[in-house]
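Breakdown of the fold
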Amino acid sequence: MHLLTDDFEAERPRLRAVAYRMLGSFSEADDAVQEAWLRASGADAESVANIPGWLTTIVGRVCLNVLRGRRNHPEVRMPDPVVSLPSGPDPEQQALLSDEVGVALMVVLDTLGPDERLAFVLHDLFAVPFDEVGALLDRNAAAARQLASRARRRVREQAPSPDPDLGRQREIVDAFFAAAREGDFDRLLEVLHPDAVLRADGGPGRPQFTAVLRGARGIAEQATGFGRFAPYARPALVNGAAGLVMVAGGRTLTVMALTVREGRIVAIDVLNDPERLRTLPVPPLSPPPPAPPPPETVR
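Now for a quick tour of the structure. (Residues numbered from 1 in each chain as written. Predicted model: local features only at pLDDT ≥ 70, side-chain atom pairs only at ≥ 80, totals over all residues. Heavy atoms only, no water.)

What follows covers unusual backbone geometry. Unusually for a residue other than glycine, Asp 138 sits at a positive phi of about 60°. One can find Asp 138 in the loop between helix 7 (130-136) and helix 8 (141-158). With relative accessibility at 73%, the residue Asp 138 sits in the exposed group. In the Ramachandran plot, Glu 262 falls in the positive-phi region, its phi being about 55° despite a non-glycine side chain. Examined against the element boundaries, Glu 262 turns out to sit in the loop between strand 6 (251-261) and strand 7 (264-271). On the basis of relative accessible area, Glu 262 is assigned to the exposed category, the value being 67%. (Helix = DSSP H or I, 4+ residues; strand = E, 2+ residues; numbered from the N terminus. Buried < 20%, exposed > 50% of the residue type's maximum accessible area, 1.4 Å probe, protein only.)

Checked against the element boundaries, Asp 163 lands in the loop between helix 8 and helix 9 (166-182). The side chain of Asp 163 is buried and forms no salt bridge, while Arg 261, the nearest opposite charge, is found at 4.8 Å. In terms of polar contacts, Asp 163 uses its side chain to reach the backbone amide nitrogen of Gly 263, at 2.9 Å. Those residues within four positions of Asp 163 in sequence are excluded, and the remaining contacts are Gln 169, Val 260, Arg 261, Glu 262 and Gly 263. (Lys, Arg positive; Asp, Glu negative; His and termini not counted. Salt bridge = Lys/Arg side-chain N within 4 Å of Asp/Glu carboxyl O. Polar contact = N/O pair within 3.5 Å; in protein donor to acceptor, adjacent residues only side chain to side chain. Contact = heavy atoms within 4.5 Å.)

A few words now on the pairing of strand 6. On a regular strand, each side chain points to the face opposite its neighbour's, so the side chains alternate between the two faces of the sheet. Most of strand 6 is tucked away: 8 of the 11 residues are buried. Note that strand 5 (residues 241-248) and strand 6 share 6 bridges and pair antiparallel. The residue of strand 6 that forms the bridge with Val 247 is Thr 252. Here strand 5 folds back onto strand 6, and the loop between the two strands holds 2 residues, one of which, Gly 249, carries a positive phi near 60°. Note that strand 6 and strand 7 share 7 bridges and pair antiparallel. Counted as the bridge partner of Thr 259 is Ala 267 from strand 7. The turn linking strand 6 back onto strand 7 is made up of 2 residues, and Glu 262 within it adopts a positive phi angle of 55°. (Pairing = 2+ DSSP bridges.)

So, to be careful, I would describe these as geometric facts and stop short of saying anything about function.
As structure tokens, then:
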């Protein structure tokens, strides 16, 4: 038992990352890891050759049960975002993230069926062999491969990977918000991809704040009203990508994750749910420096 406890604690950060990708919720991920420990500690682990793989499949099974038991949710359900300082995530946050796990990807994962999500997450993100994935789903390896393939296709179509240059991401995000603050519609169209999508999650208690907008023009029309929020905007990283957080009186009002692809914004995901924002861990964020005054005109 002592050795299993040590192995489990060593694997805990990775197991929590698996559960977060499966469930999109910090609290549910922690509960799933705890349930996995209870199951593992009650099993005979002495004959297990690959303890990390065995623990991963236990967490996967727990998460699959949670996903299958969920009630239908609204069209938009933003995952719990990992908000960190612009300088970078702390070690605990970094353990949850990887280059692939932007908010847009997590939103798309939440539209997949439970079996597709498990097959994609375990195989594509954590390299679990298809025969082990299939065993979890009571299917053969070929069926598990097909599930992952379908999920992968959806992800590629709906959640493009962001540009790797974080500095360039920040430039585009700052340009978007500056244009919104100034009501510059044409500039907004320049930084938005023509097929950009905006998804807002207001939570179950505020369905009027849950919406999906598609197309640069519709998003730009809405964004011109962002100017009144300028005093509350704080630059942050959201799931490792350039984003914005609105903070007033020490309270988080909104988290915005923006996906920049090839120099233009292709997705904006907004969490407006006050119940979830109340408990969301957000580090102390500094306001952006004031914009420089325009140059004087020489007469």
